[in-house]
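Structural overview
So you can see what is in the structure, the chains are spelled out below.
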Amino acid sequence: MLKRILPLFLCLVLCLSVGCNNSNNLDVDRGDEPSIPEVTVPPEPEFAVNPLTGVEDLEPEKLNNRPFAITINNISVAQPVQTGLNDADIVYETEVEGGITRLVALYQDTTKTEKIGTIRSARYAFIDLAMGHNAIYVHHGQDSIHAGKHLNDVNRVVVSTNNASGVRIKNGLASEHTLYAYGQGLWDVAKANGIKTENTNVKPWQTFAAEDAPVSFVDVANTVSVTFSNSYRTVFQYDAATGKYNRFFGTAERKDYYTGETVAFKNVFVLNTTIRNYPGCVDGKGHKDVLLQSGSGYYCVNGTYTPIKWSKGAASNGFTFTLEDGTPLTVNPGNSWVCIANSTTAKSFT
């Protein structure tokens, strides 16, 4: 009898065990339960909008960096050995002395450009231009009488072959026209010297138009000619194929010394002001005092132009551009060349 009961007992225990397991692991149809949506994380933007150009082509980590404002040699014999200008976001050109002009080139990211130059000495107005962008100013030498003390107002890197910032390269010209800056070296030296490189208040240089809604004007400006002196005339020829203005010195087209590319810019500004010898100038070199308060001018883009008004004022202020009626100017995205010329300078548009 016991032999019959024992198997039945074991079977009952087994069934109860299976039943308990099933009660804890019920195979329930969960089709009525709400599904959990997948969370899609948008990809990080590949590029940021460059505040100096309005173009979305900047490495995101460079957005909050201070730009560099670099003094570029523009004496006529040295123009053919210039390099790195096409990478500049903004270039300012104005008279310095003896009828010649010099350039200040602004770069939001110098590290993308191997060499920039050639490098020349500081002038008072150039320091103001750098300060208006909260830029780190770059030069080699200075006008000690006028610009010397003003250099204390700006963070700066002095290009030298004794540090990582510069190199002299033979180019067939005198030694004073052979100094080039390394783009990466400028950044490295600024960091090594403890210069603050972070810009905590990044703002666009101007109000930029949307790339799919560019601005143009009625008046034609296929050729823009700016006469700085009897011997210095900068000319821009509009190239419809590229949408940019090619740069000339008189009739000579300017190309990059190393790449051979034509130097070309999307926007051209002509700012009229007073340029005079410093009152009581005693240095015998005729260094020019370039007034940067306010004035009239022109904005040229897409083979057209419009009259504008401009103002700057204090050294730390940037430029403000408006139409003649005071309406804020909208600027097309792209690099800009800014000619700061005497109000008596002849200008022509064709």
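Note: the structure precedes this text.
These remarks concern the structure in this document. None of the values given here were measured: they were computed from a predicted structure.

With that out of the way, let us pick up unusual backbone geometry. The omega torsion across Gly-117 and Thr-118 is 5°, close enough to zero to call that bond cis. By secondary structure assignment, the location of Thr-118 is in the loop between strand S6 (115-117) and helix H2 (124-131). Even without glycine at this site, Asn-134 takes up a positive phi of about 50°. Mapped onto the secondary structure, Asn-134 falls in the loop between H2 and strand S7 (136-139). The partly exposed category is assigned to Asn-134, whose relative accessible area is 34%.

It is the rolling of a water-molecule-sized probe over the atoms that shows where space remains empty. One number sums up the size of the largest pocket: a volume of about 460 Å³. Looking at the largest pocket, it is lined by 24 residues, and the ones nearest its centre are Gly-132, His-133, Asn-201, Lys-203 and Pro-204. Broken down by class, the residue content of the lining of the largest pocket amounts to 11 nonpolar, 11 polar and two charged. Approximately 270 Å³ is the volume attributed to the second largest pocket. Together, 16 residues line the second largest pocket, and Asp-57, Asn-86, Lys-244, Gly-334 and Asn-335 are the ones closest to its centre. Of the residues assigned to the lining of the second largest pocket, the class counts are four nonpolar, six polar and six charged.

Conventions used here
- Sequence order as written defines residue numbering, which begins from 1 separately in each chain.
- pLDDT decides what is reported in this predicted model: residues at 70 or higher carry local features, side-chain atom pairs at 80 or more are listed and counted, and totals for whole chains, interfaces and linings draw on all residues regardless.
- Processing note: side-chain calculations cover all non-hydrogen atoms of the structure and skip hydrogens and water entirely.
- The secondary structure listing takes helices from DSSP runs of H or I that are at least 4 residues long and strands from runs of E that are at least 2 residues long, numbered from the N terminus.
- When a residue's accessible area, from a 1.4 Å probe over protein chains only, is under 20% of the maximum for its type it is buried; when over 50% it is exposed; and in between it is partly exposed.
- With a 1 Å grid laid over protein atoms only, a set of points is called a cavity when a 1.4 Å probe fits there but cannot get out and a pocket when it is open yet has protein on both sides within 12 Å along at least five of seven lines; lining residues have an atom within 4 Å of a point.
- Grid points are joined across faces, edges and corners, and a volume is the space filled by probe spheres set on the points.
- For this classification, Asp, Glu, Lys and Arg are treated as charged, while Ala, Val, Leu, Ile, Met, Phe, Trp, Tyr, Cys and Pro are nonpolar and the rest, including Gly, are polar.

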